[in-house]
Amino acid sequence: MPNTCDVVVLLSGTGSNLQALIDSTRTGDSPVRIAAVISNRADAYGLQRASDAGIATRSLDHKGFEGREAFDAALIELIDEFNPKLVVLAGFMRILSADFVRHYQGRLLNIHPSLLPKYKGLHTHQRALEAGDAEHGCSVHFVTEELDGGPLVVQAVIPVELHDSPQSLAQRVHVQEHLIYPMAVRWFAEGRLTLGEQGALLDGQLLGASGHLIRN
Ligand code: GRF
């Protein structure tokens, strides 16, 4: 297909977001081609999902490197063998060095299970419950040097129910992740989503502080 956008996905775990991306590329008219899936954990189930779908896989164990910079440099080399236009973080449980983030500036996306800027880092569902939030959700954002802090692309909002546990909330947030991440990746692949100096742009329009907002 002309104008195909090659994507490399990085993950450390089960890869349900990878699966949603794979499924979204099977529509026939998708401009997205997943060129490779790379994990820092050889046993990540996401690698299995990728090879089941006929996608190239690689693993690179961070424990074999002295320090973050050395690992990230090797990771850049590995990713760039596939010459991707976009790098997608899908549960990649590593903090990335400034060099890595700069190398992929404007073409590095992440998904986070909270309504950023709330609850950066881990245990987001529990923290939303403990705070008594009426709403929770997930965010896709461009990655910058600030952890979970880059310009927002899209957020999906769900109501918190009276009897929610971190697990039930995680489950409903995951459903939303599987909708918004393929959507954002497709926007990028179509050339509609870019990173400008003041934030993320969709069709040339600056997205607001929350990115494109989807309420459920
Ligand atoms: C998701 O909750 C995502 O928001 C976070 O890591 C998790 C990955 O889940 N960054 P999965 O491996 O895609 O199922």
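Residues numbered from 1 in each chain as written. Predicted model: local features only at pLDDT ≥ 70, side-chain atom pairs only at ≥ 80, totals over all residues. Heavy atoms only, no water.

Identification of the chain as Phosphoribosylglycinamide formyltransferase from Pseudomonas kribbensis is taken from an unreviewed UniProt entry. If you open the UniProt record of the chain and go to Function (unreviewed entry), you find "Catalyzes the transfer of a formyl group from 10-formyltetrahydrofolate to 5-phospho-ribosyl-glycinamide (GAR), producing 5-phospho-ribosyl-N-formylglycinamide (FGAR) and tetrahydrofolate." For the record of the chain, the UniProt heading Sequence similarities (unreviewed entry) holds the text "Belongs to the GART family." (UniProt positions renumbered as here; feature names shortened; annotations may be inferred.)

### Some details on the UniProt feature "domain: Formyl transferase N-terminal" (unreviewed entry) in the chain
UniProt feature "domain: Formyl transferase N-terminal" (unreviewed entry): in the numbering of this structure it lies at residues 7-185. Overall, residues 7-185 shows 35% helix and 23% strand. The separation of its end C-alpha atoms is 9 Å. (Helix = DSSP H or I, 4+ residues; strand = E, 2+ residues; numbered from the N terminus.)

### What to know about the site of the ligand
Contacts to the ligand come from Thr14, Gly15, Ser16, Asn17, Gly91, Ile111, His112, Pro113, His174 and Glu177. A distance of 3.1 Å is found between an oxygen atom of the ligand and a side-chain nitrogen or oxygen belonging to Thr14. Gly15 is positioned with one of its backbone polar atoms (N or O) 2.8 Å from an oxygen atom of the ligand. For the shell around the ligand, the secondary-structure elements that each account for two or more residues are α1 (16-24), β5 (108-112) and α6 (166-189). Residue composition of the shell around the ligand, by class: two nonpolar, seven polar and one charged. (Near = heavy atom within 4 Å. Polar contact = N/O pair within 3.5 Å; in protein donor to acceptor, adjacent residues only side chain to side chain. Nonpolar A, V, L, I, M, F, W, Y, C, P; charged D, E, K, R; others polar.)

### Focus on the domain arrangement of the chain
Looking at the chain, the domain boundaries give domain 1 (1-104) and domain 2 (112-216). Taken over C-alpha atoms, the centre of domain 1 sits 20 Å from the centre of domain 2. Facing 22 residues of domain 1, the contacting portion of domain 2 comprises 15 residues. Counting the surface lost from both domain 1 and domain 2, the interface buries some 1,500 Å², and carbon and sulfur atoms represent 70% of this. Where domain 1 meets domain 2, there are six residue pairs in polar contact (both at pLDDT 80 or more). Mapped onto the side of domain 1 that touches domain 2, the elements with two or more residues apiece are β1 (5-11), α1, β4 (86-89) and α4 (98-103). No other element matches the five residues that α1 contributes to the side of domain 1 that touches domain 2. Residues that form the side of domain 1 that touches domain 2 fall into these classes: 14 nonpolar, five polar and three charged. (Domains from an automatic or database assignment. Contact = heavy atoms within 4.5 Å. Buried area = accessible area lost by both parts, 1.4 Å probe.)

### Details of unusual backbone geometry
A cis amide bond links Leu116 with the next residue in sequence, Pro117, at an omega value of 15 degrees. Here the phi dihedral of Asn83 falls at roughly 50 degrees; this positive angle occurs in a residue that is not glycine. Relative to the assigned elements, Asn83 resides in the loop between α3 (68-80) and β4. Look at Tyr119: it is not a glycine, yet its phi comes out positive at around 55 degrees. The residue Tyr119 is located in the loop between β5 and α5 (124-130) in this model. Exposure remark for Tyr119: the relative accessible area of 15% places this residue in the buried category. (Buried < 20%, exposed > 50% of the residue type's maximum accessible area, 1.4 Å probe, protein only.)

### Re the sheet that holds strand β3 (residues 56-59)
Ordered by their spatial adjacency, eight strands build an open sheet running β3-β2-β1-β4-β5-β6-β7-β11, and the pairing between neighbours is mixed. A single partner strand is all that each edge strand has here, and the edge strands are β3 and β11 (212-215). Adjacent strand axes in the sheet meet at a mean angle of 20 degrees when their direction is disregarded. Across seven bridges, strand β6 (residues 135-142) lies against strand β7 (residues 152-159) in antiparallel orientation. Looking at the pairing, Ser139 lines up with Gln155 of β7. Sheet strands in contact with helix α2 (residues 45-52) are β1, β2 (32-39) and β3, and its direction is about 155 degrees off that of β3. (Pairing = 2+ DSSP bridges. Axes fitted to C-alpha atoms, helices over the stretch in contact; angles between N-to-C directions.)

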